[in-house]
Amino acid sequence: MWQGMFSVFVLFGLWQAAGALRVGGIGDIPTPVDVARALVDATQTSRYWSSWAISGERVAIGFLAGTLIGVPVALALGMNRTLRGIVFPVMETLRPVPPLAWVPLSILFWPTLELSIIFVIFLGAFFSVALNVLGGVDAVDPSLLRAARSMGARPRHIFWMIVLPATIPAIVTGMALGMGLTWEIVIAAEMIAGKAGLGYLAWEGFVNGSLVSILVAMVSIGIGGFLSCGLIWVLGQRATPWQRKS
Amino acid sequence: MLQGSPRSETGGALSIRSVGKVYDPGGDHVVALEQFSLEIPSGQFCAVVGPSGCGKTTLLNMLAGFESPTSGEIVMDDEILAGAGKRLAPGADRMVVFQQGALFPWKTVLWNVTCGPVLQGRLSPDRAEADARAMLARVGLEGIEHQYPGELSAGMLRRVEIVRALLIEPKILLLDEPFRALDALTKSVMHECLLELYDLTRKTVFFVTHDLEEAIFLADRVVAMTARPGRIKKMIKVDLPRPRDYRIVSSERFGQLKREAVDAIYDEAKKAFEAGEREFA
């Protein structure tokens, strides 16, 4: 824990010193103290918080949709060979397309801008979750399956007793990775197509030539990603009490 | 229940009739077993030893119902388990204790050992729990009922797994090198523990190992197998009295039996080694 605090502190210290000493290009960038002051000022405005709310809502809806659809789809593909043979190639064809490449098509296809942004977020979360979960199902120890069959377990027992619990760590990993990706996507999508949100805030700072505003938005996005991913890891640990805490 | 239900006192006689197993018949055509026949009477502790890759684990997997024989048939108590035209399925009458362990990591010890009988609908959860606690206590494992497998030592895990297998009340217990990964000291404790449970329940036991001393110490009969393709090289009847404890290892009779077994298996181990056989497990 203290190592983390230390390295973050050093990072901000170097950044501050570079500003004070006007080192090269870094000297032109606002110092952490400037950014912190601007951030505090920003928190007094309702516009800042509504940006949070708008981006947060997009992330939440897109991410939850991606997870709620991705997990069952991946479990079904993992359990059923035929289904997997049919569906997996399609997934593998679509997966390499970066979610942001979907933005133009998404805008044309969905009736509202909001829906099109959420759809792109959904895609990012879905593939991240689904592929991790599928990998998790494949990695289930075959001895456990054999042991269960010897005990007379039926396929539905095997699913609930083994496949699902064995896959929880992979679900959590997929969700955490998906969450990180989701923030990347929402910011980029808001820069391209948004009228509000944290990504739009950064873009607006750029258009107005306000470096401080850009940095305030970047720091806010970082905090958002950190908190939401952290929440997933914590919940994930709660869901897997059998894994020894290190 | 520790005295064994009537079901376990009778039954569990195994008859393996000219069983053969060929992997990849169209391609590499690896003959794992050839014309293998063996009769194991009800309640006998039979150990199968052989060099790596002799097909002993294949044989066990076929008995368990995880793999089908290519030829021959396997019969238990006049019921054909596997054979030409009959696809076999795993069943609770043949419980396996796996080489690398197969307790469910996300369930407590108690859940792991009681899930079999409850799943089969044979015991109520309360009854299963009482039986489980009694048998766990018997092998020196009181107070770990609510721990997860990940919190136990290797020796404890093996004991829990054997208890789980016995509580399922199989007619035959299949053990696939269960003590392989243990250190020598833990291993000898496990041997005595297994023998105690065996003396108590008298199930038929099919024990696969490549450790001759272990085989002789535990079994009524040691079947030494040839290198691949696996056939029976020699059968050694172990006439050491039961109950056995570790002092018997230094007895003269034990030494004779061991020499006999070594003579039988040494050539085969050398053949397997020279053939560059890799571990077949």
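Quick notes on the rules
Residues numbered from 1 in each chain as written. Chains lettered and ligands numbered in written order. Predicted model: local features only at pLDDT ≥ 70, side-chain atom pairs only at ≥ 80, totals over all residues. Heavy atoms only, no water. Helix = DSSP H or I, 4+ residues; strand = E, 2+ residues; numbered from the N terminus. Buried < 20%, exposed > 50% of the residue type's maximum accessible area, 1.4 Å probe, protein only. Areas by Shrake-Rupley, 256 points an atom, 1.4 Å probe, with all protein chains shown as cover. Lys, Arg positive; Asp, Glu negative; His and termini not counted. Charge placed at Lys NZ, Arg CZ, Asp CG, Glu CD. Rg over C-alpha atoms; globule rule 2.2 N^0.38 Å. Contact = heavy atoms within 4.5 Å. Pairing = 2+ DSSP bridges. Axes fitted to C-alpha atoms, helices over the stretch in contact; angles between N-to-C directions.

### A closer look at the overall build of chain A
Helices and strands together make up the secondary structure of chain A, namely 10 helices and 0 strands. Start at the N end of chain A and walk to the C end: the helices and strands fall as α-α-α-α-α-α-α-α-α-α. The principal-axis extents of the C-alpha atoms in chain A amount to approximately 70 × 50 × 30 Å. Relative to its full complement of 246 residues, chain A shows a buried share of 42%. In the structure as shown, chain A presents an accessible area of about 13,400 Å², 72% of it carried by carbon and sulfur atoms. Here chain A contributes 15 positively and 11 negatively charged side chains, and the mean placements of these two sets differ by 16 Å.

### Focus on the overall build of chain B
Along its length, chain B carries 8 helices and 10 strands. Since a compact globule built from 281 residues should have a radius of gyration of about 19 Å, the 19 Å found for chain B is in line with a globular shape. Counting only C-alpha atoms and orienting by the principal axes, one finds that chain B spans roughly 50 × 50 × 35 Å. Considering chain B as a whole, with its 281 residues, one finds that 55% of them fall into the buried category. At a minimum sequence separation of 6, the contacts of chain B that also span at least 24 residues come to 72%. Summing over all exposed atoms, chain B offers an accessible surface of approximately 11,700 Å²; the carbon and sulfur share of this is 51%. Here chain B holds 35 positive side-chain charges and 39 negative ones, and the gap between their average locations is 1 Å.

### A few points about the sheet that holds strand β10 (residues 232-237) of chain B
All names here are of chain B. Taken in spatial order, the 6 strands of this open sheet run β6-β7-β8-β3-β9-β10, and their pairing is mixed. Every other strand in the sheet has two partners, leaving β6 (94-97) and β10 as the edge strands with one partner each. Here the strands of the sheet are splayed against their neighbours by 20 degrees on average, with no regard to which way each runs. Pairing between strand β9 (residues 221-225) and β10: 5 bridges, direction antiparallel. Looking across to β10, one finds that Val 222 is bridged to Ile 236. Its contacts with the sheet put helix α8 (residues 252-274) on β3 (45-49), β9 and β10, and the angle it makes with β10 is roughly 175 degrees.

### Section: the pairing of strand β5 (residues 79-82) of chain B
Residues and elements named next belong to chain B. As defined by bridge partners, strand β4 (residues 71-76) adjoins β5 across 3 bridges and the pair is classed as antiparallel. Each bridged residue has a counterpart across the sheet, and for Val 75 the counterpart in β5 is Ile 80. Linking β4 to β5, which pair antiparallel, is a turn of 2 residues; within it Asp 77 sits at a positive phi near 45 degrees.

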